Amino acid sequence: MSSPSFEIVRQFYTIMNGHQKSKAVEVCTKLRIAEHIAPESSKSVGELSKELQVHEDTLYRFMRALTSIGFFHEEEITDTNKTHGIFKHTQLSLCLRDQGVRDIIQMRVSPFQVLSWDGLLNSVKTGISNHQETLNYPNFWEYLKDHKEEEVIFNRSMTGLTNQYIPILLSFSDYSKFEKVVDLGGGQGLFLKIILTNYQNIKEGINFDMKIVIENNHHGEDLDKRYSDQSGDFFVSVPESDCYVLKNIIHDWNDESAISIFKTINKSIRPGGKIYVYDLINDLNLKNEKYPTGWNDLNMLMVCNGKERTLQDLEYLAKESGFKIDEIRRHSTIPNALGLTIFSKI
Ligand SMILES: C[S@@+](CC[C@H](N)C(=O)[O-])C[C@H]1O[C@@H](n2cnc3c(N)ncnc32)[C@H](O)[C@@H]1O
């Protein structure tokens, strides 16, 4: 076999140093470099290093590396007194000024995520992620109970992701027939608040989550009177309702646990009630580079022993827990986005 071409080796090298890039982006947010450069202006590395109290030459080397992946742009210098090191924003670096984006970055490099992925070899061999072995916890959720800082970052980042997704989700969701909506595992409650704002027909909305999450929820004075937080465990019991929202929940669990959640709902759902499951819908027809969601699917395995499911997988869960699938709704033009699968009791 002839040796690989220079271009192929380069491509390979770019993939292999992915962890260096994610670390650099994390450090960039920790130093708050993006906030120190105003959106429409530029700043020299000398000024930046003074403001940030960091080593000037190293900051320059650091920022030049970041420019190569689209964060910041180094300006061409025409003034002969200055040599180099004036930076302005790009679209990517500008988004680092957003708290929601910073939370997602922090979450992605948090110890649980990184250590979980260390178990990849074992997971590929065994089909499960053994968090007891890698982290000494049965699962992510039990770990979060003892790691408040990571719990807060995780929930804030979920809220940030929800915020980005809201217009897409609302475009194909309909809550006009429900009096009561319960968001199971609703985290900080943003999605339920938006649903209530858009549907005045709903008389009551409950944001249901683990005690530690609910205790950390703080709302403003303008909180909708129909909204309430309730702590509990969706493997034990859930409030009675005619609509349950499960957004980014079912993909967190293996089949056995997912069926157990549906069975708990089955005991409390009102006649004619619906379950709205929002998850990626895994499409086996998408192959190779058309299937970027493979990384989400693998991440679900590594972090929670969950998976992104196909329609057939969801039908299996429904059948095993006394439900059927009525309908699937997705955004017509945005591929690989969250879809809505509507379940009702058989
Ligand atoms: C991936 S997050 C999704 C949060 C939110 N639905 C969203 O889409 O932004 C999963 C949520 O499930 C909650 N959760 C995990 N185990 C739970 C349990 N046994 N009972 C209730 N909530 C639970 C977590 O605390 C977390 O808020």
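Note that this is a predicted model, so its numbers are computed, not measured.

Q: Please give an account of the confidence of the model for the protein chain that cites residues and values.
A: Here the protein chain averages 94 in pLDDT, and 99% of its residues register 70 or above. With a pTM of 0.92, the predicted complex shows an ipTM of 0.99.

Q: Could you give me a rundown of the sheet that holds strand S5 (residues 204-209), with the residues and numbers involved?
A: Taken in spatial order, the seven strands line up as S6-S5-S4-S7-S8-S10-S9 in an open sheet, and their pairing is mixed. Of all the strands in the sheet, just strand S6 (227-231) and strand S9 (323-329) have a single pairing partner and so form its edges. Each strand of the sheet is rotated relative to its neighbour by a mean of 20 degrees, with strand direction disregarded. Of the strand pairs in this sheet, S5 and S6 are connected by five bridges, and their pairing is parallel. Along S6, the bridge assignment pairs Asn-207 with Asp-229. Seen against the sheet, helix H15 (residues 255-268) touches strand S7 (241-247), strand S8 (269-279), S9 and strand S10 (339-345) and runs at an angle of roughly 150 degrees to S8.

Q: Describe in detail the UniProt feature "domain: O-methyltransferase C-terminal" (unreviewed entry) in the protein chain, supporting the description with residues and values.
A: Under the feature "domain: O-methyltransferase C-terminal" (unreviewed entry), the UniProt entry names residues 117-324. The annotated region residues 117-324 carries 46% helix and 17% strand content, and the separation between its end C-alpha atoms amounts to 35 Å.

Q: Go over the pairing of S10 with me, naming the residues and quoting the values.
A: Pairing analysis gives six bridges linking S8 to S10, with the strands arranged antiparallel. Each residue of the ladder has a partner; that of Tyr-276, found in S10, is Ile-342. Two strands pair when backbone bridges link them, and S9 and S10 are joined in this way by six bridges, in the antiparallel orientation. Note on S10: the bridge partner recorded for Arg-329 is Leu-340.

Q: Tell me about the sheet that holds strand S1 (residues 42-44), and name the residues and values.
A: Where strands meet in a sheet, backbone hydrogen bonds hold them as pairs that are either parallel or antiparallel. Ordered in space as S1-S3-S2, the three strands form an open sheet in which the pairing is antiparallel. The sheet terminates laterally at S1 and strand S2 (73-74), the two strands that pair on one side only. By the bridge criterion, two bridges tie S2 to strand S3 (residues 86-88) in an arrangement that is antiparallel. Residue pairing for S3: Glu-74 is matched across the bridge by Phe-87. Against the sheet, helix H4 (residues 45-52) engages S1 and S3, with an angle of about 80 degrees to S1.

Q: Please set out the domain arrangement of the protein chain residue by residue, giving values where relevant.
A: The assigned domain composition of the protein chain is domain 1 (6-97) and domain 2 (101-345). Listed by partner, the interface residues are six residues for domain 1 and five residues for domain 2. Taken together, the residues of the side of domain 1 that touches domain 2 sort by class into three nonpolar, two polar and one charged.

Q: Could you give me a rundown of the packing of helix H2 (residues 18-31) against helix H7 (residues 99-108), with the residues and numbers involved?
A: At a minimum axis distance of 10 Å, the contact between H2 and H7 shows a crossing angle of 135 degrees. By the angle between their axes, H2 is oblique relative to H7. Of the two possible hands of crossing, H2 and H7 adopt the one that is left-handed. Where H2 approaches H7, its residues Ser-22, Val-25, Glu-26 and Thr-29 are matched on the opposing element by Arg-102, Ile-105 and Arg-108. Residues of the contact of H2 with H7, tallied by class, amount to two nonpolar, two polar and three charged.

Q: Tell me about unusual backbone geometry, and please be specific about residues and values.
A: One non-glycine residue, Phe-72, lies in positive phi territory at about 70 degrees. When you line up the elements, Phe-72 lands in the loop between helix H5 (56-67) and S2. With 23 C-beta atoms counted inside 10 Å, the residue Phe-72 sits in the buried group. Of note in the backbone geometry, Asn-288 takes a positive phi value of approximately 55 degrees without being a glycine. For Asn-288, the location among the structural elements is in the loop between S8 and helix H16 (294-304). Take Asn-288: there are 6 C-beta atoms within 10 Å of it, and that puts it in the exposed class.

Conventions adopted
- Per-chain numbering applies: the sequence of each chain, read as written, is numbered from 1 onward.
- For this predicted model, a pLDDT threshold of at least 70 governs which residues receive local features, and a threshold of 80 or more governs which side-chain atom pairs are given and counted, while totals over whole chains, interfaces and linings are taken from all residues.
- Each residue gets a pLDDT score, which is the predictor's confidence in that residue and runs from 0 to 100.
- Criterion used throughout: strands pair if DSSP finds at least two bridges between them.
- Numbering of helices and strands runs from the N terminus, with a helix taken as a DSSP run of H or I at least four residues long and a strand as a DSSP run of E at least two residues long.
- All axes are obtained by fitting lines to C-alpha atoms, using only the stretch in contact for helices, and the reported angles, taken between N-to-C directions, cover 0 to 180 degrees.
- Here contacts are defined at the residue level, using C-beta atoms placed from the backbone and a cut-off of 7 Å between them.
- UniProt positions are given in the numbering used here, feature names are shortened, and annotations may be inferred rather than shown by experiment.
- Here the limits of each domain have been adopted from an automatic or database domain assignment.
- Note that Gly is not counted as nonpolar here; it falls among the polar residues with everything else outside the nonpolar set of Ala, Val, Leu, Ile, Met, Phe, Trp, Tyr, Cys and Pro and the charged set of Asp, Glu, Lys and Arg.
- Should an angle lie under 35 degrees it is considered roughly parallel, over 145 roughly antiparallel, and from 65 to 115 roughly perpendicular; all remaining angles are considered oblique.
- Handedness of a crossing follows from how the near helix is turned relative to the far one, being left-handed for an anticlockwise turn of less than a right angle and right-handed for a clockwise one.
- Residues with at least 20 neighbouring C-beta atoms inside 10 Å of their own are called buried, those with 12 or fewer are called exposed, and the rest are partly exposed, where every C-beta is derived from the backbone.

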